[in-house]
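So you can see what is in the structure, the chains are spelled out below.
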Amino acid sequence: MAISSRIARINAFLLCLLCFSALQGVTSLGINYGQLGNNLLEPQKVLDLLSSLKVTKARIYDTNPQVLTAFANSGVELMVTIENAMLGQLMNPQAALQWVNAHIKPYVPATKITSIAVGNEVFTDDDTTVLLANLVPAMVGIQTALTQLGLDSYIKVSTPCSLAVLEESYPPSAGSFKTEVAGVMSQLLQFLQTTKAPFWINAYPYFAYKDNPNKISLDYVLFNPNSGMIDPYTKLHYDNMLYAQVDAAIFAMARLGFNGIEVKVSETGWPSKGDANEIGATLQNAAIYNRNLLRRQLANEGTPLRPRMRLEVYVFALFNEDMKPGPTSERNYGLFQPDGTMAYNVGLSALSTTSTTSSTSTASISDITSSATKSTTMDFHQNWVSCIFVCVVTFQVYMRRPF
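Residues numbered from 1 in each chain as written. Predicted model: local features only at pLDDT ≥ 70, side-chain atom pairs only at ≥ 80, totals over all residues. Heavy atoms only, no water.

One open sheet holds the nine strands; their spatial order is S5-S4-S3-S2-S1-S13-S12-S9-S6, and the pairing between them is parallel. Whereas interior strands pair on both sides, the edge strands pair on one side only; in this sheet they are strand S5 (156-158) and strand S6 (161-162). Bridge analysis of S6 against strand S9 (residues 199-202) gives two bridges, and the strand direction is parallel. Considered in S9, the bridge of serine 162 is made with asparagine 202. Sheet contacts for helix H10 (residues 241-255): S9 and strand S12 (263-268); angle to S12, the most-contacted strand, approximately 135°. (Pairing = 2+ DSSP bridges. Helix = DSSP H or I, 4+ residues; strand = E, 2+ residues; numbered from the N terminus. Contact = heavy atoms within 4.5 Å. Axes fitted to C-alpha atoms, helices over the stretch in contact; angles between N-to-C directions.)

Next up, the structure:
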């Protein structure tokens, strides 16, 4: 057989493999599993809930042994968190090694820990001055420990940042970091670039709308149909604020000389209840935001700046947590009540759980969810037929070629 013919047939085979893998490429939305409640489901039941929802990625805010043990052999990818107060201790390489030996090594590979968040929103913490000096050295210590133990190839080390680290975020091309954090931010980005870890951001369009409801379109922040905005410098069109916030972070990194680092959303969500001054914190808006976000995830979308790179997003949060301090909204971000019943239906599951919403509200949400599901299914079937057609035609062409 001629070499050119062999290559042609190999290319045809690879084309079909790529086609098939594209059909399998839709991955589940991640979710934040907070535990600041006195009446939450036990971890094994939480795992059962996640499994029924087809959720394969979760983030916890500690290294709770009960959770890590319960999630063993489940296939759920876990991001664990080192509390901010621990950063000072973990600057010491030996202490970092001891921490990884105690909190990570005993559970892997049975428990699929894929990320370690070193602190949370350190750049905007109340004790920022002290924490910032500890952040990157602590990350280096954890990374070194993972490398020593042979765990660095599949566990990434990063730190979730609040969007408050940005001095400018509008338009996205103007994205820049605050001057006071630029020094440590450069060190962080150098670490992420070297280790090929993502830059995590906690992004909440809700806060922008709450603070300025007269100037910001509700449809724009909820992913509803709207005219959107065009960045005057890049000419890119944005039809929702979350993608604009992500791209602003990308531009901010570029201004410090760092390109190519992936941005992932470690938290985003919308409260279903709030105080009188928390405009927009309603059950209806929460359902719409998370339902529309789910639709975007099913479509494997990227942002306008990086349209071919699927944006990974973790919804905040799995449960309403009654022990969280702060305004009422802080205790009402959950898709579920602590006992596992739905706070509202975003279409993640057709479980026979009891919804706490009215029948009218639930029916409306279900109707829209059903519509989204039909659209997604139709697209899948169309893609499947197209792929089969391409494969058949390609093989026929190349199999008829002479040797």
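Text resumes after the structure shown.
Taking 1.5 Å of rise per residue, 15 residues should cover 21 Å, and H10 covers 21 Å from first to last C-alpha, within 8% of that figure. For H10, the tally of buried residues reaches 13 of 15 residues, placing the bulk of the element in the interior. Two to three positions downstream of the cap, the backbone nitrogen of leucine 242 sits 3.2 Å from a side-chain oxygen, assigning the N-cap of H10 to asparagine 240. Phi for glycine 257, located one or two positions after H10, is positive at around 95°. (Expected span 1.5 Å × (residues − 1). Buried < 20%, exposed > 50% of the residue type's maximum accessible area, 1.4 Å probe, protein only. Polar contact = N/O pair within 3.5 Å; in protein donor to acceptor, adjacent residues only side chain to side chain.)

Considering all chains together, one arrives at 15 aromatic pairs under this definition. Residues tyrosine 206 and tryptophan 270 carry aromatic rings whose centres are separated by 5.2 Å and whose planes lie at 70° to one another, so their mutual orientation is edge-to-face. Note that tyrosine 206 is positioned in helix H8 (residues 205-211) and tryptophan 270 in the loop between S12 and helix H11 (283-298), a separation of 64 residues in sequence. Across the pair, exposure class does not vary: tyrosine 206 and tryptophan 270 are buried alike. For the pair phenylalanine 223 and tyrosine 289, a centre-to-centre distance of 5.3 Å together with 55° between the ring planes defines the contact as tilted. Taken together, the positions of phenylalanine 223 in the loop between helix H9 (218-221) and strand S10 (229-230) and tyrosine 289 in helix H11 put the pair 66 residues apart, joining distant regions of the chain. Classification of phenylalanine 223 by relative accessible area gives buried; the value is 5%. Pairwise contacts between aromatic rings join Tyr61, Tyr204, Tyr206, Phe207, Tyr209, Phe223, Tyr243, Trp270, Tyr289, Phe316 and Tyr333 into one cluster. (Phe/Tyr/Trp six-rings, centres within 6.5 Å; stacked < 30°, edge-to-face > 60°.)

Attention shifts here to the side chain of asparagine 134. Mapping asparagine 134 onto the fold places it in helix H6 (residues 128-148). Using a relative accessible area of 12% as the deciding quantity, one classes asparagine 134 as buried.

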